[in-house]
Amino acid sequence: MSTRTFRVWRGDADGGDFAEFDVEENEGEVILDVVHRIQAEQAPDLAVRWNCKAGKCGSCSAEVNGMPRLMCMTRMNLFEEGQTVTITPLRTFPVVRDLVTDVSFNYAKAREMPAFSPPADLKPGEYRMSQVDVERSQEFRKCIECFLCQNTCHVVRDHEDNKEPFSGPRLFIRAAELDMHPLDAREDRREAAQDEQGLGLCNITKCCTEVCPEHIKITDNAIIPMKERVAGDRYDPLVWLGRKIFRK
Ligand code: SF4
Ligand code: F3S
Ligand code: FES
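Structural notes, computed from the coordinates. (Residues numbered from 1 in each chain as written. Chains lettered and ligands numbered in written order. Predicted model: local features only at pLDDT ≥ 70, side-chain atom pairs only at ≥ 80, totals over all residues. Heavy atoms only, no water.)

## Comments concerning the site of ligand 2
In the neighbourhood of ligand 2, the contacting residues comprise Cys153, His154, Pro169, Cys202, Asn203, Ile204, Thr205, Lys206, Cys207, Cys208, Thr219 and Ile223. Every element with two or more residues in the shell around ligand 2 is listed here: α8 (207-211) and α9 (218-235). (Near = heavy atom within 4 Å. Helix = DSSP H or I, 4+ residues; strand = E, 2+ residues; numbered from the N terminus.)

## Observations regarding the site of ligand 1
Around ligand 1, the neighbouring residues are Cys143, Ile144, Glu145, Cys146, Phe147, Cys149, Arg170, Ile173, Cys212, Pro213 and Ile218. Among the residues forming the shell around ligand 1, the class breakdown is nine nonpolar, no polar and two charged. (Nonpolar A, V, L, I, M, F, W, Y, C, P; charged D, E, K, R; others polar.)

## What about the pairing of strand β2 (residues 15-25)?
Pairing geometry for strand β1 (residues 2-12) and β2, over 11 bridges, is antiparallel. From the neighbouring strand, Thr5 faces β2, where its bridge partner is Asp22. In textbook terms, the turn of a hairpin is the stretch between consecutive antiparallel strands, and for β1 and β2 this stretch comprises two residues. (Pairing = 2+ DSSP bridges.)

## A closer look at the pattern of salt bridges
Scanning the model with the defined rule gives 21 salt bridges in all. For Lys163, the salt bridge goes to Glu160, with nearest N and O atoms at 3.3 Å. The class for Lys163 is buried, based on a relative accessible area of 12%. Glu160 gets classed as exposed once you look at its relative accessible area, which sits at 54%. Close ionic contact of Arg174 with Glu177 constitutes a salt bridge, the shortest N to O distance being 3.3 Å. Of this pair, Arg174 and Glu177 are both found in helix α6 (residues 169-179), three residues apart, which corresponds to roughly one turn of the helix. It is possible to trace a salt-bridge network through shared partners that takes in Arg10, Asp45, Arg97 and Asp98. (Salt bridge = Lys/Arg side-chain N within 4 Å of Asp/Glu carboxyl O. Buried < 20%, exposed > 50% of the residue type's maximum accessible area, 1.4 Å probe, protein only.)

## Some points on the packing of helix α3 (residues 131-141) against α6
In the contact formed by α3 and α6, the axes pass within 10 Å of each other and the chain directions differ by 165°. Taken together, α3 and α6 sit at an angle that is classed as roughly antiparallel. As α3 packs across α6, the resulting crossing turns out to be left-handed. On α6, the residues that touch Ser137, Phe140 and Arg141 of α3 are Ile173, Arg174, Ala176 and Glu177. For the contact of α3 with α6, the class distribution of residues is three nonpolar, one polar and three charged. (Axes fitted to C-alpha atoms, helices over the stretch in contact; angles between N-to-C directions. Parallel < 35°, antiparallel > 145°, perpendicular 65-115°, else oblique. Left-handed = near helix turned anticlockwise from the far one by under 90°. Contact = heavy atoms within 4.5 Å.)

## A word on helix α2 (residues 104-112)
Within α2, burial applies to Phe105, Asn106 and Lys109. All buried residues of α2 project into a common sector of 95° when viewed along the axis, lining one side. On the buried face of α2, the contacting elements are α4 (148-152), α5 (154-157) and α6. (Arc of directions from axis to C-beta.)

## Re the pairing of β1
When β1 meets strand β5 (residues 85-88), the two strands line up parallel, connected through three bridges. Bridging across to β5, Phe6 finds its partner in Val85.

## Structural notes on the packing of α6 against α9
Viewed as axis vectors pointing N to C, α6 and α9 meet at an angle of 65°, and their least axial separation amounts to 9 Å. Between α6 and α9 the crossing geometry is left-handed. Between α6, through Pro169, Phe172, Ile173, Ala175, Ala176 and Asp179, and α9, the contact on the second element is made entirely by Ile218, Ala222, Ile223, Met226 and Arg229. Here the residues of the contact of α6 with α9 are counted per class, giving nine nonpolar, no polar and two charged.

Don't take any of this as a statement about function, it's just geometry.
Here is the structure:
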C-alpha cells in the first residue's frame, strides 16, 4: 500500500479547477478504484460516470495525464512511483460536472446514419451471408461506444466548428460496416460518408486507432477502404457512367 497525489478536475459548464487529493492505492488497482476511494473518503459529491468496471460499457472515459483512456482499464502500475496523476474530463465534449461530459453529439450523429436496409425481396429469416463477411463486420461490432476515438480526433477536438459537418471515426466504422455488408441494399453509403458525414475531413492521422480500447483498426480497416471506395466511384469513368445510367 502507498499514497499518491491525484489532481482531479472539478467544475461544471461555467468553469472549474483542479482539486488535489492524497490517496492510498493498493497493488492491482485501476484509476477508477482510486476515484471511488476519493468519493468514499474525501469528496462524496465528485461526479464520475461508470457502470461495468470491466471495459465493456464505455462509460468511464476520461483523460489521464492527457491520454484518453477508460478509467476502469488503466492500471496504477502504468505510472512511476510518486508520480502525480492528473484526471480530466474528455476535452471534446461539454462538461456536465467534474469528470462527466455530455456525449450526446455522438448519438445525434448516429441518428443521421441511414439504417441497415435489406433487399425488399428477402423476408426476415431468409438472410444469408458468408463467414468472411460476418467476420469483417464483427471487428466493427466490437465497438463499446466509449467515444475515446471521437474525443481524440483533432478534426473536432481542435475545431468546434467541424462538429456540424463531421460525424467522426466511430460513425465511419458504422458506415464502412454497412457499405461492406452484402445484404445492405442502399447504394448511397459512400456518397453519404463523403458529403454528409465529412469523411474527406479525415487526414488519416490514426490517433483514433491508437486510443481504441477494443483495438479496432479504425483507420486501416474502415476509413481508408471507404476513402478508396469513394475515390473509385468518383474517378473511375466506368463506375461513373454505370451510376449515371442505372440510377434513377
Ligand atoms: Fe471506443 Fe473504439 Fe468504439 Fe471508438 S471505435 S467508440 S474508441 S470502442
Ligand atoms: Fe481523425 Fe482518425 Fe481520421 S483521428 S483524422 S478520424 S484517422
Ligand atoms: Fe464500463 Fe469502464 S466502467 S468501460
